[in-house]
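Descriptive structure summary
Residue-level listing of the chains:
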Amino acid sequence: QVQLVESGGGSVQAGGSLRLSCAASARFFSSYTMGWFRQAPGKEREFVAHITWNNGYTYYADSMKGRFTISRDNAKNTVYLRMNSLRPEDTAVYYCAAKQWGVLDLIKSDAYAYWGQGTQVTVSS
């Protein structure tokens, strides 16, 4: 069983930055592909970014490219999401997710076996 705990959310003005962290209890954390998703009120959960276990390949949803950066520190069992140039439409609960040996369909939420409880990000105009 893997436990994921997100932190770093908060309120920020448009144009500001936040860094989210997700600490994992997983043994062999380096074998897990990690993803970030978000869900705004009244909307479906959407893919944000992922970083693979094997080569650290990163991929972003189009609206996040150039603004968000996903990274991982395997020594700390932690994945990060650096968010710059935040917009009011980025307001959502952000979740991290994990899939051991994950390589396929990584933009889909059902590809991931483990989820954190989420952290709220609110961007005001």
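Residues numbered from 1 in each chain as written. Predicted model: local features only at pLDDT ≥ 70, side-chain atom pairs only at ≥ 80, totals over all residues. Heavy atoms only, no water.

**Structural notes on unusual backbone geometry**
In this model, phenylalanine 28 sits at a positive phi of 60 degrees, which is unusual for a non-glycine residue. Among the structural elements, phenylalanine 28 can be located in the loop between β3 (18-24) and β4 (32-39). Take phenylalanine 28: its relative accessible area is 55%, and that puts it in the exposed class. In this structure, asparagine 77 takes a positive phi of about 55 degrees despite not being glycine. Turning to its location among the elements, asparagine 77 is positioned in the loop between β7 (68-73) and β8 (78-83). (Helix = DSSP H or I, 4+ residues; strand = E, 2+ residues; numbered from the N terminus. Buried < 20%, exposed > 50% of the residue type's maximum accessible area, 1.4 Å probe, protein only.)

**Looking at the state of the cysteines**
Per the counting criterion, the structure on display carries 1 disulfide. Here cysteine 22 pairs with cysteine 96 through a disulfide, and the sulfurs are 1.9 Å apart. One quick way to see it: the torsion about the S-S bond of cysteine 22 and cysteine 96 is about 45 degrees, and its sign makes the bridge right-handed. With cysteine 22 in strand β3 and cysteine 96 in strand β9 (residues 92-100), the pair connects residues that are 74 residues apart, well separated along the chain. Side by side, cysteine 22 and cysteine 96 carry an identical accessibility label, which is buried. (Disulfide = S-S within 2.5 Å.)

**Observations regarding the pairing of strand β5 (residues 46-51)**
Of all 6 residues in β5, 5 are buried; the element is thus mostly enclosed. Pairing of β4 with β5 involves 5 bridges; the strand directions are antiparallel. Along β5, the bridge assignment pairs tryptophan 36 with alanine 49. Connecting β4 to the antiparallel partner β5 that follows it, the hairpin turn spans 6 residues, and glycine 42 within it adopts a positive phi of roughly 75 degrees. In this structure, β5 lies alongside strand β6 (residues 58-60), joined through 3 bridges in antiparallel fashion. Looking across to β6, one finds that isoleucine 51 is bridged to threonine 58. Linking β5 back to β6 in an antiparallel pair, the connection comprises 6 residues, with glycine 56 at a positive phi of about 70 degrees. (Pairing = 2+ DSSP bridges.)

**Brief notes about the packing of aromatic side chains**
Applying the stated criterion across every chain, the model contains 7 aromatic pairs. Seen from their ring centres, phenylalanine 37 and phenylalanine 47 are 5.7 Å apart, and the 75 degrees between their planes marks the pair as edge-to-face. Note that phenylalanine 37 is positioned in strand β4 and phenylalanine 47 in strand β5, a separation of 10 residues in sequence. What makes phenylalanine 37 buried here is its relative accessible area of 1%. The exposure class assigned to phenylalanine 47 is buried, which follows from its relative accessible area of 10%. Site record: aromatic cluster; members linked through ring pairs are Phe37, Phe47, Tyr59, Tyr112 and Trp115. In this structure, arginine 45 is placed above the aromatic ring of tryptophan 115, and the distance from its NZ or CZ to the ring centre is 4.7 Å. (Phe/Tyr/Trp six-rings, centres within 6.5 Å; stacked < 30°, edge-to-face > 60°. Lys NZ or Arg CZ within 6 Å of the ring centre and 35° of its normal.)

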